[in-house]
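Results of the structural survey
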Amino acid sequence: MTRSRRTEQTADTRQALISAARRRFAEQGFAATGTEEIVADAQVTRGALYHHFRDKAELFRTVMEQVATEVAEQLVAGELARDAELPSDAWTQLRQGFQSLLDISTADSDFQRIVLIDGPAVLGNQSWDALVERHGYRLLSEWLERAMAEERIDPLPVGPLTRLVAALLSEASIYTAGAADPDTARIEIGIVLDRLLRGLGRGGDLAEQPPVSVDSGTGPQRAH
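Keep in mind it's a predicted model, so treat the numbers as computed, not measured.

**Some details on the packing of helix 4 (residues 56–85) against helix 6 (residues 109–149)**
Two numbers describe a pair of packed helices, the interaxial angle and the distance between the axes. Look at helix 4 against helix 6: their axes get within 9 Å of each other, and the N-to-C directions meet at 55°. Regarding the angle of helix 4 to helix 6, the classification is oblique. Note on packing geometry: the crossing formed by helix 4 with helix 6 is right-handed. Along the lines of polarity and charge, the residues of the contact of helix 4 with helix 6 split into 16 nonpolar, 4 polar and 5 charged.

Printed below as a string of C-alpha cells:
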C-alpha cells in the first residue's frame, strides 16, 4: 500500500469516528454515549478510536470544535449576505448577528446539545472560554472597533468590552438552549439582549437605536 493511500485511509477513519460521534453526541448527549456505539457506527475497531483520540473527551472536543467552526462560518456568511442586500453600519450588523446566533441556538440541535449544553459541562469553563476566543473574540473585537470608528457606540477599551459582550452572548445562547420552551426563551432573551446592547450606543441614547428584530428576521419589533 502506498503512503498516500495509507494517509487517505487514516483520514477516512478519523472522519468516520468524528461523524459517528457527532450523531451520537447530538442525539444522546456525551454521558449516554458509549465508545462501543461510536466504533460500531463508524465500522472501525476500538483500537482505531484510541489511535486517533486519547479518550472520549478528546473526541468530544474535536466534534465540538467542528460544530462551532461551522456555526461561526454560517454566521459570517449570513451577515455578509444580509449586508450585501441591505447595507448597514457595523453596530447594527453585530446586533443582527447576535440575534442570528440565538436562532441557531434554538434550531440547530448539534450546536445546542454539543456546544451549548454538554460543552461547558464536559470540558469545563476553561475549554469553553478557549472555544469562544478562537471563534469569536477576534472578529467581535474588529466589529466593535468599527462601530466605535463609525461613532455608533461609545469609545471604550476594546479588550474588556469584547470579553463582556462575548460572555453576555454565550449566556444568552446557553439559556435559550437549556430552556423548557426554547422558542419562547429565544424571543425573550433576544429582547433583553438587544435592550442591554443598545445601552452601549453613543451617549447611551436608546431612542436613536431602534431594536433589531428578535423574531428570525421578520421585521422591526416594538421597543421595550
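Moving on, there is more to tell.
**Overview of the UniProt feature "DNA-binding region" (unreviewed entry) in the protein**
Feature annotation in UniProt assigns "DNA-binding region" (unreviewed entry) to the following positions: residues 34–53. Structurally, residues 34–53 comprises 75% helix and 0% strand, and the distance from its first C-alpha atom to its last is 14 Å.

**Looking at the packing of aromatic side chains**
Within a pair of aromatic rings, the relevant descriptors are the distance that separates the centres and the angle that separates the planes. On inspection of all chains with the given rule, the structure shows 3 aromatic pairs. A ring pair is formed by F30 and F60, whose centres lie 5.3 Å apart and whose planes are at 75°; its orientation type is edge-to-face. You can see F30 sitting in the loop between helix 1 (3–28) and helix 2 (35–42) and its partner F60 sitting in helix 4, a full 30 residues away along the chain. The two residues F30 and F60 agree in class, both being buried. Linked through ring pairs, F25, F30 and F60 together constitute an aromatic cluster.

**Some remarks on the side chain of K56**
Its location among the elements puts K56 in helix 4. The buried charged residue K56 lacks any salt bridge, with E37 as its nearest oppositely charged partner at 7.6 Å. Look past the residues within four positions of K56 in its chain and what remains in contact with it is F25, F30, A31, T33 and T35.

**Looking at the pattern of salt bridges**
Close approach of charged atoms lets side chains of opposite charge pair. Counting across every chain of the model gives 12 salt bridges. In this structure, the salt-bridge partner of R22 is D110, at a minimum N-O distance of 2.7 Å. Of this pair, R22 sits in helix 1 while D110 sits in helix 6, and the two are 88 residues apart along the sequence. Salt bridges here are not isolated pairs; linked through shared partners, they connect R22, E70 and D110.

**Side note on the nonpolar core**
One finds F25, L59, I114 and V115 to be the most contacted residues of the largest nonpolar core, which totals 53 residues. If you list the elements that add at least two residues to this core, you get helix 1, helix 2, helix 4, helix 5 (90–107), helix 6, helix 7 (158–178) and helix 8 (182–198). Sorting elements by how many residues they give to this core places helix 6 first, with 14 residues. Both of domain 1 (9–53) and domain 2 (60–199) provide at least three residues apiece to this core. Discounting residues that sit within four places of it in the chain, F25 has contacts with F30, T33, I38, K56, L59, F60, V63, R113 and I114.

**A short note on a nonpolar patch on the surface**
Residues V76, L80 and L139 make up a contiguous nonpolar surface patch of roughly 220 Å² in combined accessible area. Relative to the helices and strands, V76 resides in helix 4. A relative accessible area of 33% places V76 in the partly exposed class.

**Here's the deal with unusual backbone geometry**
In this model, Q43 sits at a positive phi of 60°, which is unusual for a non-glycine residue. As for its position among the elements, Q43 is in the loop between helix 2 and helix 3 (46–52). Despite not being glycine, E151 has its phi angle at roughly 60°, a positive value. Within the secondary structure, E151 is located in the loop between helix 6 and helix 7.

**Focus: helix 8**
Its 17 residues give helix 8 an end-to-end C-alpha distance of 24 Å, which sits within 8% of 24 Å, the value for a rise of 1.5 Å per residue. Inspection of helix 8 places A185, R186, I189, G190, L193, D194, L197 and R198 among the buried residues, and these make up the whole buried set. Residues of helix 8 that are buried make contact with helix 5 and helix 7.

Definitions and limits used
Residues numbered from 1 in each chain as written. Predicted model: local features only at pLDDT ≥ 70, side-chain atom pairs only at ≥ 80, totals over all residues. Heavy atoms only, no water. Axes fitted to C-alpha atoms, helices over the stretch in contact; angles between N-to-C directions. Helix = DSSP H or I, 4+ residues; strand = E, 2+ residues; numbered from the N terminus. Parallel < 35°, antiparallel > 145°, perpendicular 65-115°, else oblique. Left-handed = near helix turned anticlockwise from the far one by under 90°. Nonpolar A, V, L, I, M, F, W, Y, C, P; charged D, E, K, R; others polar. UniProt positions renumbered as here; feature names shortened; annotations may be inferred. Phe/Tyr/Trp six-rings, centres within 6.5 Å; stacked < 30°, edge-to-face > 60°. Buried < 20%, exposed > 50% of the residue type's maximum accessible area, 1.4 Å probe, protein only. Lys, Arg positive; Asp, Glu negative; His and termini not counted. Salt bridge = Lys/Arg side-chain N within 4 Å of Asp/Glu carboxyl O. Contact = heavy atoms within 4.5 Å. Core = buried A, V, L, I, M, F, W, Y, C linked by side-chain atoms within 4.5 Å. Domains from an automatic or database assignment. Patch = residues over 30% accessible without salt bridge, like charges linked within 9 Å, V, L, I, M, F, W, Y side chains within 5 Å. Areas by Shrake-Rupley, 256 points an atom, 1.4 Å probe, with all protein chains shown as cover. Expected span 1.5 Å × (residues − 1).

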